[in-house]
Amino acid sequence: MAGRILIIGACGQIGTELTLKLRDIHGNDHVIASDIREGAEELMQSGPFEILNATDEVHIRKVIADYEVKEVYLMAAMLSATAEKAPMKAWDLNMDSLFHILNIAKEGIIKKVFWPSSIAVFGPTTPKDDTPQTTVMEPTTVYGISKQTGERWCEYYHRKFGVDVRSIRYPGIISYKTLPGGGTTDYAIEIFHEALKNSSYISFLAEDAALPMMYMDDAIKATVDIMQAPAEKIKVRSSYNLAAMSFTPEVLAGEIRKHIENFEISYAPDFRQSIAESWPSSIDDSEARKDWGWEHDFDLEKLTRTMLKGVGESLK
Ligand code: AKB
């Protein structure tokens, strides 16, 4: 391929698996991983890695020039729960990093950008069920405000300067290789670890907190697919709704109990419950399906089986 790929935030939950997938597709030397800290051994050893702060524009430009990068995946961000505790830091990280990349793309130095948005762009005034692609968006979290603002800027840079930026509104992403950091949907990962270790879990969300969720492999497939789609198929230049399944802690616990009969769940909702309440329960992603052929593979049953096996092996 012409030009290399840079992943910023490569050591995070999605960044790790995305980097490995892109290295499979494009070859290890073509995919540069970068993060503010080192990450999983598999990632560090399979190809080039740079320590890089996503807010350091000068260093980003240097890495892009040194490796002749033409495509950037900007995965670094502060997630919903952590951002509530450090609002200004979250705003600076989430926005500065995006502006650096959009401006470098505007100058024509890089040709394509992936930037993840989130279901957090929606708020309490958004229709909760089957949330449409285009609807009321009044996010009440720092993270959601930064993602919604980012979406507006992506669309602006595309319309005004022709920047080829593509984006997905990720739901809660469930995986076992790298732990997530500071999200509201993280309970749906913790629960598997606790189920296998202790046969019990205390959920920080209420039993009926329904949220859109997706298994990691589907999230990676969507990310690769949207980036590989011909530009004319990408009709939405803010960010696409994306869905696979929706469930509550109670429903997930019931599914786990099919494998671990004595599993018990109890509930101690904390500040993350009000974040969950402000988000949609389910998402209408028909535009992603229509425009670039999005299809998910994992339902709740397959996700649960895969997570129990994967987490189980990691605990050995
Ligand atoms: C979070 O919970 O903050 C993230 C998200 C839905 O973007 N997983």
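A. Quick look at the overall build of the protein chain. Broken down by element type, the protein chain carries 12 helices and 14 strands. In summary, the protein chain has a C-alpha radius of gyration of 19 Å against a globular reference of 20 Å for 316 residues, a match within 12%. Taken over the C-alpha atoms alone, the protein chain extends approximately 55 × 45 × 40 Å along its principal axes. Here the protein chain holds 316 residues, and 55% of them are scored as buried.

B. Examining the packing of aromatic side chains more closely. Within the structure shown, the criterion is met by 11 aromatic pairs. When the ring of Tyr73 is compared with that of Phe114, the centres are 5.9 Å apart and the planes differ by 35 degrees; the resulting orientation is tilted. With Tyr73 in strand E4 (residues 69-74) and Phe114 in strand E5 (residues 112-114), the pair connects residues that are 41 residues apart, well separated along the chain. What makes Tyr73 buried here is its relative accessible area of 1%. Taking the centre distance of 6.4 Å and the plane angle of 90 degrees together, the rings of Tyr187 and Phe204 count as edge-to-face. Of this pair, Tyr187 sits in helix H7 (residues 187-198) while Phe204 is found in the loop between strand E10 (200-203) and strand E11 (211-215), placing the two residues 17 residues apart along the sequence. Of the residues examined, Tyr187 reaches a relative accessible area of 0% and is grouped as buried. Exposure remark for Phe204: the relative accessible area of 5% places this residue in the buried category. Ring-pair connections join several aromatic residues into one group, and the members of that group are Phe99, Trp153, Tyr156, Tyr157 and Phe161. Seen from the ring of Phe161, Lys106 lies directly overhead, with NZ or CZ sitting 4.5 Å from the centre. The aromatic ring of Phe298 is capped on one face by Lys302, whose charged end is 4.4 Å from the ring centroid.

C. Expanded view of the pattern of salt bridges. Counting across every chain of the model gives 14 salt bridges. Across the pair Asp285 and Arg289 runs a salt bridge, and its minimum N-O distance is 2.8 Å. For Arg289, a relative accessible area of 29% gives the class partly exposed. Connected through shared salt-bridge partners, Glu57, Arg61 and Glu107 make up one network.

D. Spotlight on the nonpolar core. Counting 43 residues, the largest nonpolar core has Tyr187, Phe192, Leu252 and Phe263 as the members making the most contacts within it. For this core, the secondary structure elements donating two or more residues are helix H6 (142-161), H7, E11, strand E13 (245-247), helix H9 (249-257), helix H10 (271-278) and helix H12 (300-315). Ranked by residue count, the leading element in this core is H7, at 6 residues. Discounting chain neighbours no more than four positions away, the residues touching Leu252 are Tyr187, Ala188, Ile191, Phe192, Phe247, Leu300 and Thr304. The next biggest cluster of nonpolar side chains, apart from the first, holds 34 residues, and it includes Val31, Phe114, Ile226 and Trp292.

E. How the structure looks around H7. Compared with an ideal rise of 1.5 Å per residue, which puts 12 residues at 16 Å, H7 spans 15 Å between its outermost C-alpha atoms and is within 8% of the ideal. The set of residues buried in H7 consists of Tyr187, Ala188, Ile189, Ile191, Phe192, His193 and Ala195. Remark: Ser199 follows H7 within two positions and exhibits a positive phi of approximately 55 degrees.

F. Quick look at the packing of H7 against H9. Packing of H7 against H9 leaves a shortest axis separation of 11 Å and a crossing angle of 30 degrees. Pair H7 / H9 crosses with right-handed handedness. Judged by residue contacts, Tyr187, Ala188, Ile191, Phe192 and Ala195 of H7 engage Pro249, Leu252, Ala253 and Ile256 from H9. When grouped by side-chain class, the residues that make up the contact of H7 with H9 number 9 nonpolar, no polar and no charged.

G. Up close: the sheet that holds E4. Strand order in the open sheet formed by 6 strands is E3-E2-E1-E4-E5-E7, with parallel pairing between adjacent strands. Single-partner strands in this sheet number two, and they are strand E3 (49-51) and strand E7 (165-166). One ladder, built from 3 bridges, connects E4 with E5; its direction is parallel. Opposite Glu71, over in E5, you have Lys112 as the bridge partner. Running at roughly 165 degrees to strand E2 (residues 31-35), helix H1 (residues 13-26) makes contact with strand E1 (4-8), E2 and E4 of the sheet.

H. Spotlight on unusual backbone geometry. Non-glycine residue Glu68 carries a positive phi angle of around 50 degrees. By the secondary structure assignment, Glu68 is in the loop between helix H3 (57-66) and E4. By relative accessible area, which is 54% here, Glu68 ends up exposed. In the Ramachandran plot, Ser199 falls in the positive-phi region, its phi being about 55 degrees despite a non-glycine side chain. Tracing the sequence through the fold places Ser199 in the loop between H7 and E10.

Calculation notes
- Residues numbered from 1 in each chain as written.
- Predicted model: local features only at pLDDT ≥ 70, side-chain atom pairs only at ≥ 80, totals over all residues.
- Heavy atoms only, no water.
- Helix = DSSP H or I, 4+ residues; strand = E, 2+ residues; numbered from the N terminus.
- Rg over C-alpha atoms; globule rule 2.2 N^0.38 Å.
- Buried < 20%, exposed > 50% of the residue type's maximum accessible area, 1.4 Å probe, protein only.
- Phe/Tyr/Trp six-rings, centres within 6.5 Å; stacked < 30°, edge-to-face > 60°.
- Lys NZ or Arg CZ within 6 Å of the ring centre and 35° of its normal.
- Salt bridge = Lys/Arg side-chain N within 4 Å of Asp/Glu carboxyl O.
- Core = buried A, V, L, I, M, F, W, Y, C linked by side-chain atoms within 4.5 Å.
- Contact = heavy atoms within 4.5 Å.
- Expected span 1.5 Å × (residues − 1).
- Axes fitted to C-alpha atoms, helices over the stretch in contact; angles between N-to-C directions.
- Left-handed = near helix turned anticlockwise from the far one by under 90°.
- Nonpolar A, V, L, I, M, F, W, Y, C, P; charged D, E, K, R; others polar.
- Pairing = 2+ DSSP bridges.

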